[in-house]
Amino acid sequence: GDSVTQTEGLVTLTEGLPVMLNCTYQSTYSPFLFWYVQHLNEAPKLLLKSFTDNKRPEHQGFHATLHKSSSSFHLQKSSAQLSDSALYYCALRNYGSSGNKLIFGIGTLLSVKP
Amino acid sequence: DMKVTQMPRYLIKRMGENVLLECGQDMSHETMYWYRQDPGLGLQLIYISYDVDSNSEGDIPKGYRVSRKKREHFSLILDSAKTNQTSVYFCASSLGAGNTLYFGEGSRLIVV
């Protein structure tokens, strides 16, 4: 069945270093993916989502590229900031017989240190 | 104002008591969701509602039921709460199922 895998539970970085959070997926149909971010004691909110064409979504310095050949949608940023410390979820749109829904990965906690 | 509101935000219940978590949204979204969030497990879908009185089980519906009598309001009910239902519960809504989700602030439930 459809699934999302985030292999890192915790990523610790020094401020200024590049960020890459991994997300791979299995999808029965044409994939549509999302990244959500959740800061401490806040609600998850959309960070970015994939496009149906070849455009690369970007938001707040983060970007992700959908690679169908490797079934990946890794989240990247060139330089980590302290304020990027948060829980990041990758999610896949699942097309079900009763309706669509999102399948979430288990999340990756990003901790950025000075 | 594009907001999802959850009540109560914090709740302590004894095992066996009933629990009602309420969620409202002001975006006229037809699809609403209840998730629970646990460390190491991420966000798990409990129930999804595609519109009024059109509810479907998610991945972990056991021990829960829902009610949606108005488009803007979606309730999660725990009949006879169990200690393993201690969690943070998030309500969300979207314009169309599987589109961008807007989450509420969460309801932290402790069952003792």
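Here the structure is shown first, and the text comes after it.
Residues numbered from 1 in each chain as written. Chains lettered and ligands numbered in written order. Predicted model: local features only at pLDDT ≥ 70, side-chain atom pairs only at ≥ 80, totals over all residues. Heavy atoms only, no water.

*Asks:* Got a minute to help me understand the overall build of chain A in this structure?
*Replies:* Secondary structure summary: chain A contains 0 helices and 12 strands in total. The N-to-C order of helical and strand elements in chain A reads β-β-β-β-β-β-β-β-β-β-β-β. Here chain A has a C-alpha radius of gyration of 14 Å; the compact-globule value for 114 residues is 13 Å, and the two agree. With the principal axes as the frame, chain A shows a C-alpha extent of 45 × 30 × 20 Å. (Helix = DSSP H or I, 4+ residues; strand = E, 2+ residues; numbered from the N terminus. Rg over C-alpha atoms; globule rule 2.2 N^0.38 Å.)

*Asks:* Is there a simple way to explain the sheet that holds strand β3 (residues 19-21) of chain A in this structure?
*Replies:* Adjacent strands of a sheet pair through backbone hydrogen bonds, lying either parallel or antiparallel. Taken in spatial order, the 4 strands line up as β3-β9-β8-β7 (chain A) in an open sheet, and their pairing is antiparallel. The outermost strands of the open sheet, each flanked by one partner alone, are β3 and β7 (58-59) of chain A. (Pairing = 2+ DSSP bridges.)

*Asks:* Explain the environment of Asp-79 of chain B to me, please; I cannot follow it from the model alone.
*Replies:* Residues and elements named next belong to chain B. With respect to the helices and strands, the residue Asp-79 is situated in the loop between β8 (73-78) and β9 (87-94). The exposure class assigned to Asp-79 is partly exposed, which follows from its relative accessible area of 36%. Residues Asp-79 and Tyr-33, 46 residues apart in the sequence, show an inter-C-alpha distance of 19 Å. Non-local contacts of Asp-79, meaning those with residues more than four positions away in its chain, are made with Asn-18, Gly-63 and Arg-65. A polar atom in the side chain of Asp-79 sits 2.6 Å from the side chain of Arg-65. (Buried < 20%, exposed > 50% of the residue type's maximum accessible area, 1.4 Å probe, protein only. Contact = heavy atoms within 4.5 Å. Polar contact = N/O pair within 3.5 Å; in protein donor to acceptor, adjacent residues only side chain to side chain.)

*Asks:* Please explain the state of the cysteines as it appears in this structure.
*Replies:* Disulfides are covalent bonds that link the sulfur atoms of two cysteine residues. Evaluation of the coordinates by the stated rule reveals 2 disulfides over all chains. What pairs with Cys-23 of chain A in a disulfide is Cys-90 of chain A, and their sulfur atoms sit 1.9 Å apart. Between Cys-23 of chain A and Cys-90 of chain A, the S-S torsion sits near -65 degrees, and that sign places the bridge as left-handed. One end of the pair, Cys-23 of chain A, is in the loop between β3 and β4 (24-26); the other, Cys-90 of chain A, is in strand β10 (residues 86-95), and 67 residues separate them in sequence. Considered together, Cys-23 of chain A and Cys-90 of chain A belong to a single accessibility category, that of buried residues. Between the sulfur atoms of Cys-23 of chain B and its disulfide mate Cys-91 of chain B the distance is 1.9 Å. Judged by the torsion about the S-S bond (-75 degrees), the Cys-23 of chain B/Cys-91 of chain B disulfide is left-handed. Of this pair, Cys-23 of chain B sits in strand β3 (residues 19-25) while Cys-91 of chain B sits in strand β9, and the two are 68 residues apart along the sequence. The exposure class of Cys-91 of chain B is buried, given its relative accessible area of 0%. (Disulfide = S-S within 2.5 Å.)

*Asks:* Before we go on, may I ask you to explain the pattern of salt bridges in this structure?
*Replies:* All names here are of chain A. Enumeration according to the criterion identifies 6 salt bridges over all chains in this entry. The partner of Lys-77 in a salt bridge is Asp-84, with the nearest N and O atoms 2.7 Å apart. By relative accessible area, Lys-77 is classed as buried at 7%. Judged by its relative accessible area of 7%, Asp-84 is buried. (Salt bridge = Lys/Arg side-chain N within 4 Å of Asp/Glu carboxyl O.)

*Asks:* Help me understand the sheet that holds β8 of chain B, please; the structure alone is not making it clear to me.
*Replies:* All names here are of chain B. Here we have 4 strands laid out as an open sheet, ordered β1-β3-β8-β7, and antiparallel in their pairing. At either margin of the open sheet sits one strand with a lone partner, and together these are β1 (4-7) and β7 (65-70). Ignoring which end each strand starts from, the neighbouring axes of this sheet average 20 degrees apart. When β1 meets β3, the two strands line up antiparallel, connected through 4 bridges. Paired with Thr-5 across the two strands is Gly-24, which belongs to β3. (Axes fitted to C-alpha atoms, helices over the stretch in contact; angles between N-to-C directions.)

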